[in-house]
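Spelled out from the first residue to the last, the chains are:
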Amino acid sequence: MGQVVAAAAYHKGRKVADIALDEGHQWAARPEHFVWIGLRDPGSSELHTLQEQFGLHELAMEDAIAQHTRAKLEIFGDALFMVLYSSIRKDGRLEFVETQLFAGKGYVISARYGNSAPYSTVRQRCEARPLLLEHGEDFVLYALMSFVIENYRPLLDCIHGELEDIEEAILGRPLQQGDVERIHGLRRDLLRLRRQVAPMTEICKELQQLDFPFIDKHMRPYFRDIAIHVSRLMEDLTGLREMADHAIEIGLLLESSRQSLTQRKFAAWAAILAFPTAVAGIYGMNFQNMPELTWHYGYFGVLGIIGIGCVGLFANFKRMGWL
């Protein structure tokens with residue numbers, strides 16, 4: 001069973017009455033009146049009640065009952081049906097809450113499925129601006145859409161902060177498997193966000209061009225304003241995805257640099273050890289007529305040469321930054 005969060009009738013920008021669900025059509029039929037009904041997790045019974053009152057199209061009803069369709073705008077005569085998605089994070093996981101909007105002459109119906117930010121804030125804002133609310137259904141539609149888009153901003157700021165933290169961590173230590181998994185998860189979330197935000201661009205364009213009885217031409221700049229915000233969200237999503245890609249690239253480059261430094265150290269020590277090995281190998285050959293074999297101080301001389309050679313190689317590699 002769903003919940004009727006709020007249902008009210010408005011006249012010239014001001015609320016005139018709280019109404020029951022089955023009284024909507026009576027108030028909507030009055031001149032210069034419209035009703036705004038907000039539902040939470042409605043069932044088929046509530047939706048069918050509204051369908052009987054306002055003549056909601058059967059195809060819109062099918063999508064509303066089935067849920068989980070992609071964000072879209074559909075037009076049925078002089079009425080429209082819209083599906084939008086709000087984004088929330090629950091236990092570190094990204095989830096989307098579906099909102100369905102029915103709008104026509106004299107009514108706006110919103111149905112929210114899930115635990116996104118409630119639309120009571122939108123209603124309070126609208127009722128506090130009676131001159132704009134006087135526009136009626138189109139202003140309510142704009143306010144609801146704008147609220148959905150606004151709720152994406154804190155999530156993007158949060159993801160941006162997480163990516164910055166990962167970049168700082170990678171700059172200070174080697175790239176770890178946990179970093180890669182975290183970045184991959186954020187990239188996947190950004191892709192899912194983009195898939196839900198992208199259709200809003202086309203929806204806003206259609207709303208600016210529609211010639212509906214309840215959409216005033218003076219409200220079209222407001223829908224254009226939503227389109228601008230959607231475009232900025234799309235740009236930010238692209239930038240954040242590039243930022244995630246760069247974090248991986250930076251980590252790999254730093255790891256490659258660290259490995260190169262380690263390899264240079266191994267090579268330097270190998271060269272230092274190769275010198276005494278070469279000298280010892282020469283004097284280890286089984287020849288009788290080798291110079292300095294009978295020299296009294298030959299052993300100490302060879303050790304001195306080995307020591308001088310190793311110190312010289314060490315100093316040279318140190319100067320080159322290999323050690």
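Scroll up a little and you will see the structure.
No experiment lies behind these values; they were computed from the predicted model shown.

Explain the layout of surface pockets to me, please; I cannot follow it from the model alone.
Gaps between atoms show up when a probe of the same size as a water molecule is rolled over them. Estimates place the volume of the largest pocket at around 300 Å³. Glu32, His33, Lys105, His135 and Glu137 are the residues nearest the centre of the largest pocket, which is lined by 21 residues in total. Elements represented by at least two residues in the lining of the largest pocket include exactly β3 (33–40) and α6 (137–150). Partitioning the lining of the largest pocket into residue classes produces eight nonpolar, five polar and eight charged.

Looking at this structure, I do not really get the packing of aromatic side chains. What am I missing?
For any pair of aromatic rings, the description consists of the separation of the ring centres together with the inter-plane angle of the planes. By the definition in use, this model includes seven aromatic pairs. Linked through ring pairs, Tyr10, Phe34 and Trp36 together constitute an aromatic cluster. We note Arg30 situated over the ring of Trp27; from NZ or CZ to the ring centre the distance is 3.9 Å. The residue whose ring lies beneath Arg112 is Tyr119, and the NZ or CZ to ring-centre distance is 5.9 Å.

Explain the pairing of strand β2 (residues 14–18) to me, please; I cannot follow it from the model alone.
When a strand is regular, its side chains alternate between the sheet's two faces. As judged from the four bridges shared by strand β1 (residues 3–11) and β2, these two strands associate in the antiparallel manner. Bridging across to β2, Ala9 finds its partner in Ala17. Counting the residues in the hairpin turn of β1 and β2 gives two residues, including Lys12, whose phi is positive at 50°.

I tried to follow the sheet that holds strand β7 (residues 107–113) on my own but got confused; where do I start?
In sheet architecture, strand pairing relies on hydrogen bonds along the backbone and comes in two forms, parallel and antiparallel. Taken in spatial order, the seven strands of this open sheet run β2-β1-β3-β7-β6-β5-β4, and their pairing is mixed. The sheet is open, and its two borders are formed by β2 and β4 (72–76), each paired with just one other strand. Averaged over all pairs of adjacent strands, the angle between their axes in this sheet comes to 20°, without regard to strand direction. As paired elements, β3 and β7 share six bridges and run parallel to each other. Pairing of Val35 across the sheet is with Tyr107, part of β7. On top of the sheet, helix α4 (residues 120–127) reaches β1, β2 and β3; it is set at about 160° to β3, its chief contact.

Looking at this structure, how should I read the nonpolar core?
In globular proteins that are soluble, nonpolar side chains generally tend to be buried together. Residues Met82, Met145 and Leu207 are the most contacted members of the largest nonpolar core, which totals 86 residues. The element contributing the most residues to this core is helix α9 (residues 220–283), with 11 residues.

I would appreciate a short explanation of helix α3 (residues 58–66) in the present structure.
Residues spaced three or four apart along an α-helix face the same direction, because each turn holds 3.6 residues. Looking only at α3, the buried set comprises Ala60, Met61, Asp63 and Ala64. Axial view of α3: buried residues confined to an arc of 165°, hence all on one face. The exposed residues of α3 that point more than 90 degrees off its buried face are Glu58 and Ala66. Looking one or two residues past α3, Gln67 carries a phi angle of roughly 65°, positive in sign.

Explanation requested: the packing of α6 against helix α8 (residues 177–209) in the structure shown.
Packed helix pairs are specified by the crossing angle of their axes together with the interaxial distance, meaning the distance between the axes. Closest axis-to-axis distance for the α6/α8 pair is 13 Å, and the angle between their directions is 160°. As the angle between them shows, α6 and α8 are arranged roughly antiparallel. Like other packed secondary-structure pairs, α6 and α8 cross with a definite hand, here left-handed. Residues Leu141, Met145 and Ile149 of α6 pack against Met200, Ile203, Cys204 and Leu207 of α8. Within the contact of α6 with α8, the residues separate by chemical class into seven nonpolar, no polar and no charged.

What should I look at first to understand the pattern of salt bridges in this one?
If the charged atoms of two oppositely charged side chains come close together, the side chains can form a pair. Under the criterion given, the structure shown has 10 salt bridges. Salt-bridge contacts for Glu32 lead to Lys12; the nearest nitrogen and oxygen are separated by 3.7 Å. One end of the pair, Glu32, is in the loop between α1 (24–28) and β3; the other, Lys12, is in the loop between β1 and β2, with 20 residues separating them in the sequence. Relative accessible area serves as the criterion here: at 49%, Lys12 is assigned to the partly exposed category. Arg125 is paired through a salt bridge with Glu150; the nearest N and O atoms lie 3.2 Å apart. One end of the pair, Arg125, is in helix α4; the other, Glu150, is in helix α6, and 25 residues separate them in sequence. Exposure remark for Arg125: the relative accessible area of 42% places this residue in the partly exposed category. The exposure class of Glu150 is partly exposed, given its relative accessible area of 37%.

Reading guide: rules and limits
- Residues numbered from 1 in each chain as written.
- Predicted model: local features only at pLDDT ≥ 70, side-chain atom pairs only at ≥ 80, totals over all residues.
- Heavy atoms only, no water.
- 1 Å grid on protein atoms, 1.4 Å probe; cavity = no way out; pocket = protein on both sides within 12 Å on 5 of 7 lines; lining within 4 Å.
- Points joined across faces, edges and corners; volume = space filled by probe spheres on them.
- Helix = DSSP H or I, 4+ residues; strand = E, 2+ residues; numbered from the N terminus.
- Nonpolar A, V, L, I, M, F, W, Y, C, P; charged D, E, K, R; others polar.
- Phe/Tyr/Trp six-rings, centres within 6.5 Å; stacked < 30°, edge-to-face > 60°.
- Lys NZ or Arg CZ within 6 Å of the ring centre and 35° of its normal.
- Pairing = 2+ DSSP bridges.
- Axes fitted to C-alpha atoms, helices over the stretch in contact; angles between N-to-C directions.
- Contact = heavy atoms within 4.5 Å.
- Core = buried A, V, L, I, M, F, W, Y, C linked by side-chain atoms within 4.5 Å.
- Buried < 20%, exposed > 50% of the residue type's maximum accessible area, 1.4 Å probe, protein only.
- Arc of directions from axis to C-beta.
- Parallel < 35°, antiparallel > 145°, perpendicular 65-115°, else oblique.
- Left-handed = near helix turned anticlockwise from the far one by under 90°.
- Salt bridge = Lys/Arg side-chain N within 4 Å of Asp/Glu carboxyl O.

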